[in-house]
Amino acid sequence: AAGCDSIHTLNATINYSNSNNSSIIACDTFNWNGQIITTTGTYTQVLTNIDGCDSTHTLNVTINNSPTAFAGNDATICSDTSYIVNGVATNDSLVLWTTSGDGYFTYPNQNNTRYNPGNNDINTGSVTLTFTSIGYHPCGNAVDQMNLNITNEPTAFAGNDATICSDTSYIV
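Along the backbone of the chain there are one helix and 14 strands. Across its three principal directions, the C-alpha atoms of the chain cover 160 × 20 × 20 Å. Looking at the chain residue by residue over its 172 residues, the buried ones come to 27%. Taking the contacts inside the chain whose residues are at least 6 apart along the sequence as the reference set, 56% of them involve residues at least 24 apart. For the chain, the exposed area adds up to about 11,700 Å²; of that, 48% sits on carbon and sulfur atoms.

Spelled out as structure tokens, the structure:
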């Protein structure tokens, strides 16, 4: 009214929205609040913060696929030869050939390399060759094995040497 002053105090609380970014590396898939992510990319979700305002979160996702390994089919060789292995791997950072025996691989970190049997391999008659495909983080490794059977080379004995005349025969 006329001649009167009034003072009114208002206490206001202003709530703000917020945003955040993060990154993750996953193997094959990642479940982000019920959203199943299977490919590398940038994903955004809008949530509600504690004050009831929008909260925008951006997630940078790297999806690494699980490795695979195939050592090849079982094989048989003669004891006087080596064997070329042909491993097949996918989604790997490195491969490694190992043996249960005493032979060695010429290049154990290559898919295709030569296995040279050792004396125990030959005496035992077989060896297990293991092919490991080492996956990218956080995926694990894939392993496959093949059996290499080793047979002794054939031998022949026709009998003792003999000398005969041209007009006679000889029975072996």
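Secondary-structure assignment places Q45 in strand β4 (residues 41–48). With relative accessibility at 11%, the residue Q45 sits in the buried group. When the C-alpha positions of Q45 and N147 are compared, they lie 51 Å apart, and in sequence the two are 102 residues distant. Beyond its immediate stretch of four places on either side in the chain, Q45 contacts W32, N33, Q35, S55, T56 and H57. One polar contact links the side chain of Q45 to the main-chain carbonyl oxygen of W32, over a distance of 3.1 Å. One polar contact links Q45 to N33, side chain to side chain, over a distance of 2.8 Å.

Moving on to a nonpolar patch on the surface. Residues I164, Y170 and V172 make up a contiguous nonpolar surface patch of about 340 Å² in total accessible area. Position of V172 relative to the elements: it lies in the segment after β14 (141–151). Exposure remark for V172: the relative accessible area of 78% places this residue in the exposed category.

Rules used in this analysis
Residues numbered from 1 in each chain as written. Predicted model: local features only at pLDDT ≥ 70, side-chain atom pairs only at ≥ 80, totals over all residues. Heavy atoms only, no water. Helix = DSSP H or I, 4+ residues; strand = E, 2+ residues; numbered from the N terminus. Buried < 20%, exposed > 50% of the residue type's maximum accessible area, 1.4 Å probe, protein only. Contact = heavy atoms within 4.5 Å. Areas by Shrake-Rupley, 256 points an atom, 1.4 Å probe, with all protein chains shown as cover. Polar contact = N/O pair within 3.5 Å; in protein donor to acceptor, adjacent residues only side chain to side chain. Patch = residues over 30% accessible without salt bridge, like charges linked within 9 Å, V, L, I, M, F, W, Y side chains within 5 Å. Salt bridge = Lys/Arg side-chain N within 4 Å of Asp/Glu carboxyl O.

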